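So the chains spell out like this:
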Amino acid sequence: MSIDFSFLTRVAPILAEGLSTTIWLALPAMLLAALWGVVVVMGLLSRSRPLAAISRSYVEVVRNTPVLVQMFFIFFGSGYAGYPVSGFVAGLLALVLQNGAYAAEIYRGGIRAVTQRLAEAGLALGLTPRRVFRIVVLPLAVRKVIPPLANQGVLIIKDTSLVATISVAELTFHARLLADRTAAVFEIFFTLALFYLALTAVFSGGMRLLERRLRIA
Amino acid sequence: MPANEIEIRGVSKWYGDHQVLKSISTDMKRGEALVVIGPSGSGKTTLLRCINLLDDFQEGEIRIGGEAMGYTLDAAGKRVRRSETEIARMRAKLGMVFQSFNLFPHMSALKNVALGPIRVLHTPPKEAAEQARAMLARVGLADKADAMPGQLSGGQQQRVAIARALAMKPTAMLFDEVTSALDPELVAEVLDVMRQLVQEGMTMVIVTHEMSFAQAFAHRAIFMAAGEIVEQGEPAALFQDPQSRRLQAFLDRFKQGYKL
Amino acid sequence: MDLLLHSLPLLARGTITTVYLSAAAVVLATVLGIVLALLQLYGGIVLRALVEVYLYVVRGVPLLVLLFAMYYALPYANVRIEPVTGGILVIGIYFGAFMTEVFRAAVLSVPKGQWEAARAVGLTTPWILRDVVLAQAVRMAGPPFINTCVMVVKGTSLVAIIGLADVTYVGKQIVERTLAPFEIFGAVALVYFVICFALSRVGRYLEGRVNYAS
């Protein structure tokens, strides 16, 4: 069985029309989720009981419901409520809300992982709790947190495929469009898979370089 | 019956470029209790672990009861590794007790002790259980047979570990700093059991920092440093009248640490 | 509110499909995970390489793409299988990769001292696995296993996109007809939440039992 790889040159450019949308969705989603996660973790660790409870509930709800349902909720709900948002915005919002919660949990774990003993050593030196956090806990926690965040980033890239269902013209949407018109489905989805593999490989590679520069791994 | 229980001939080991054992040779007679002392990095634990091949060695020969351990020479004189089955069989004849006990946490003390006999010696389970109880009684833990390791103190866990090794009816036993991880007040109960074993005539190789024990009960002592045997002889002589400067310095440091 | 009550039977049937899909996919993923983990740890070079390729592909490709691939390829395939079965297969194979990592990490997390103590007594690898290591590995695997199960349940929602009548699909259909997204998708979310939250609670309980006190 000889495989004719020329289909790649024919299919790839068509799919590539959606590539920029995928990237324009994934990167902002990652950044916003990372930032939103900081807000959420502050809520989780806050000394105000009600705030902590709200944050906790938010995280639990978001973690235990599928992203797709969240996207549908926002997309259809916004239209019904009179402020319709585009599929892109709905997708972005859902990705940020979902991954922000996961980021918050990652941050919480990273802070916890810096042991009590190190913090106590800082206090024993005479540093105030706030300075202990800034000088001892935060730098170590940041190092701990980057690998799991890198993982989340890969998941975000993969989840961008879901917005195809709310009519956002990214990679998967284009692939589906093409597949509806031609019979070369194997070639189309094989190429699509290659695109995602390439995206995640580039992203993971970049993250690993970052980890090495920060001397983590 | 061979006169030597354990023969170590020209054993050398490298970790990459670093040589951790430099052509070590020594023999042990049946019933002899040998103590190995030395600073960390001297290779004493590595040597012990080579005897039952938990660590590999690149040169030399080790014989247990006359039989080659781990490696033999083929017709052309090349070193050949014996099969895993043969190595496992020979390991079963040696008992080893570890610094961190390494009891199986999901099994009771009784099951820990009986596992070896059941699986390796093919002892019927009922008999193995009875023998295990006897072993536990021998180390003073008859009433703890059904306890889980997590419920036992460090000293008790180590004694169970000794019972586990004894249950295999070994021809010789290896002790790897077995009291180093124990709280001071728990050390005595373990040394007690070891003393009994020495007096019952068990062949033992003991890597330890417990100098008083070594002086009192060992038949021979070896001082190792940087992968070599620097001095050896009767413990009393070694400790009271060290000949080499390195041993003198080592013992001095112990005295400075209020340990002697 | 009236609408919600009217929709309950449909949503209930969708929920049953979701539960069925999830359970079947979990079983498939678990079996795959155990087999592949053992192959990855103790198999020959060729087997290990194959497992690595499989893991790499699954980790880099979205589940939706795999589902689409199956959905579009099915009419061309000579094998006739039910879409539901196809969905279970794809989801099970996808999460099988995650399960492989869970079990592999669990076996590797058993302390080296356990292996050494077992070898010192004369046991060989297969027996060590059976008597000493696997029991401990299973305990360590509990929480991440449950986490992966939760991921499977959430992942089944994607079959709605290829027309399988799970609770998400049913919800979308109802919303498209009646335009009541908040109530209906809220109810759908609640279904998932209840299932996943319950699973997580089980996981939290198991985490407490990793210690062997009694």
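Treat the numbers as computed from the prediction; the structure is a model and nothing was measured.

Parameters and conventions
Residues numbered from 1 in each chain as written. Chains lettered and ligands numbered in written order. Predicted model: local features only at pLDDT ≥ 70, side-chain atom pairs only at ≥ 80, totals over all residues. Helix = DSSP H or I, 4+ residues; strand = E, 2+ residues; numbered from the N terminus. Buried ≥ 20, exposed ≤ 12 C-beta atoms within 10 Å, placed from the backbone. Contact = placed C-beta atoms within 7 Å. Pairing = 2+ DSSP bridges. Axes fitted to C-alpha atoms, helices over the stretch in contact; angles between N-to-C directions. Nonpolar A, V, L, I, M, F, W, Y, C, P; charged D, E, K, R; others polar. Right-handed = clockwise from strand over helix to strand, strands pointing away. Expected span 1.5 Å × (residues − 1). Bend = angle between axes of the 7 residues up to and from the residue. Parallel < 35°, antiparallel > 145°, perpendicular 65-115°, else oblique. Left-handed = near helix turned anticlockwise from the far one by under 90°. pLDDT = per-residue confidence, 0-100. Core = buried A, V, L, I, M, F, W, Y, C linked by C-beta atoms within 7 Å. Domains from an automatic or database assignment.

1. So, the overall build of chain C
Thinking step 1. Looking only at helices and strands, one finds 8 helices and 0 strands in chain C.
Thinking step 2. Mapped in sequence order, the helices and strands of chain C form the string α-α-α-α-α-α-α-α.
Thinking step 3. The dimensions of chain C, computed from C-alpha atoms along their principal axes, are 70 × 45 × 25 Å.
Thinking step 4. Counting every position in chain C, which comprises 214 residues, the buried fraction comes to 45%.
Thinking step 5. Considering only contacts in chain C between residues 6 or more positions apart, those separated by 24 or more positions represent 80%.

2. Re the overall build of chain A
Thinking step 1. For chain A, the helix and strand inventory stands at 9 helices and 0 strands.
Thinking step 2. For chain A, the spread of C-alpha atoms along the three principal axes comes to 70 × 45 × 25 Å.
Thinking step 3. Here chain A, with 217 residues, has 39% of them falling under the buried criterion.
Thinking step 4. Contacts in chain A between residues far apart in sequence, at least 24 positions, make up 74% of those at least 6 positions apart.

3. Looking at the sheet that holds strand S9 (residues 172–176) of chain B
All names here are of chain B.
Thinking step 1. With respect to topology, 6 strands assemble into an open sheet ordered S8-S9-S10-S3-S11-S12, the strand pairing being mixed. The two strands at the open ends of the sheet, each matched to only one other strand, are strand S8 (94–97) and strand S12 (228–233). Pairwise comparison of adjacent strand axes, ignoring direction, gives a mean angle of 20° for this sheet.

4. So, the interface of chain B and chain C
Thinking step 1. Each partner contributes to the interface: chain B provides 24 residues, whereas chain C provides 19 residues.
Thinking step 2. Those elements that place two or more of their residues in the side of chain B that touches chain C are helix H2 (84–92) and helix H3 (109–119) of chain B.
Thinking step 3. Broken down by element, the side of chain B that touches chain C gets its largest block of residues, 6 residues, from H2 of chain B.
Thinking step 4. Classifying every residue of the side of chain B that touches chain C by side-chain character gives 11 nonpolar, 8 polar and 5 charged.

5. Things to note about the interface of chain C and chain A
Thinking step 1. The partner chain A presents 28 residues to the 29 residues of chain C that form the contact.
Thinking step 2. Of all elements in the fold, only helix H3 (63–73), helix H6 (125–155), helix H7 (167–178) and helix H8 (181–208) of chain C reach the threshold of two or more residues within the side of chain C that touches chain A.
Thinking step 3. Residues of the side of chain C that touches chain A, tallied by class, amount to 23 nonpolar, 4 polar and 2 charged.

6. So, the arrangement of the chains
Thinking step 1. Contacts are most numerous between chains A and C, considering all 2 pairs of chains that are in contact.
Thinking step 2. One thing to see here is that chain A and chain B don't touch, and their nearest C-alpha atoms sit 21 Å from each other.

7. A look at the pairing of strand S1 (residues 4–15) of chain B
Residue and element names in this part refer to chain B.
Thinking step 1. Across 8 bridges, the pairing between S1 and strand S2 (residues 18–29) is antiparallel. The partner of Val11 across the bridge, within S2, is Ile24.
Thinking step 2. Adjacent in sequence and paired antiparallel, S1 and S2 are bridged by 2 residues, among which Gly16 carries a positive phi angle near 65°.
Thinking step 3. Examined bridge by bridge, S1 and strand S4 (residues 59–64) share 5 bridges and lie antiparallel to one another. Pairing of Ile8 across the sheet is with Ile62, part of S4.

8. Some remarks on the sheet that holds S4 of chain B
Thinking step 1. Read across the open sheet, the 4 strands follow the order S2-S1-S4-S5 (chain B); overall the sheet is antiparallel. A strand with exactly one partner marks an edge of an open sheet, and here the two such strands are S2 and strand S5 (67–68) of chain B.

9. Digging into the pairing of S9 of chain B
Residue and element names in this part refer to chain B.
Thinking step 1. Counting buried positions over the 5 residues of S9 gives 5, a clear majority of the element.
Thinking step 2. Sheet topology places S8 next to S9; 4 bridges connect them, and they run parallel. Counterpart to Gly95 in the pairing with S9 is Met173.
Thinking step 3. Relative to strand S10 (residues 203–207), S9 runs parallel, the two sharing 5 bridges. Along S10, the bridge assignment pairs Asp176 with Val207.
Thinking step 4. Handedness of the β-α-β unit built from S9, helix H6 (residues 184–199) and S10 comes out right-handed.

10. Some details on H6 of chain C
Thinking step 1. Taking 1.5 Å of rise per residue, 31 residues should cover 45 Å, yet H6 of chain C covers just 37 Å from first to last C-alpha, more than 12% shy of that figure.
Thinking step 2. The largest bend along H6 of chain C reaches roughly 50° and is located at Val133 of chain C.

11. Focus: the packing of helix H1 (residues 2–42) of chain C against helix H2 (residues 45–60) of chain C
Residues and elements named next belong to chain C.
Thinking step 1. With their axes 8 Å apart at the nearest point, H1 and H2 run at an angle of 130° to one another. Considering the angle they form, H1 stands oblique to H2. For the crossing formed where H1 meets H2, the hand is left-handed. Residues Leu36, Leu39 and Gln40 of H1 lie in contact with H2, whose contacting residues are Leu47, Arg48 and Val51.

12. What to know about unusual backbone geometry
Trans is the prevailing form of peptide bonds, just as negative phi is the prevailing case for residues other than glycine.
All names here are of chain B.
Thinking step 1. Positive phi, close to 50°, is recorded for Ser23, a residue that is not glycine.
Thinking step 2. Within the element layout of this structure, Ser23 appears in strand S2.
Thinking step 3. Note on Ser23: 14 C-beta atoms within 10 Å, which makes it partly exposed.
Thinking step 4. Even without being glycine, Ala226 reaches a positive phi, approximately 50°.
Thinking step 5. Note that Ala226 resides in the loop between strand S11 (220–225) and S12.

13. Thoughts on the packing of H1 of chain C against H8 of chain C
All names here are of chain C.
Thinking step 1. Two elements in contact, H1 and H8, have axes separated by 11 Å at closest approach and are oriented at 40°. Viewed along their axes, H1 and H8 adopt a mutual orientation that is oblique. For H1 against H8, the interelement crossing comes out right-handed. Facing Leu3, Leu4, Ser7, Leu11 and Thr15 of H1, the residues of H8 in contact are Glu183, Ile184, Ala187 and Val191.
Thinking step 2. A breakdown of the residues in the contact of H1 with H8 according to their chemical character gives 6 nonpolar, 2 polar and 1 charged.

14. Topic: the confidence of the model for chain C
Thinking step 1. The share of residues in chain C with pLDDT of 70 or more is 96%, and the mean pLDDT across the chain is 90.
Thinking step 2. Here the complex is predicted with pTM 0.83, and the ipTM for its interfaces comes to 0.89.

15. Overview of the nonpolar core
Thinking step 1. Met71 of chain A together with Val36 of chain B are the most contacted members of the largest nonpolar core, which has 198 residues in total.
Thinking step 2. Mapping this core onto the domain boundaries places at least three of its residues in each of domain 1 (1–93 + 173–260) and domain 2 (97–169) of chain B.
Thinking step 3. Each residue touching Met71 of chain A, except ones within four places of it in the same chain, is listed here: Ala90, Gly91, Ala94, Leu162, Val163 and Ile166 of chain A.

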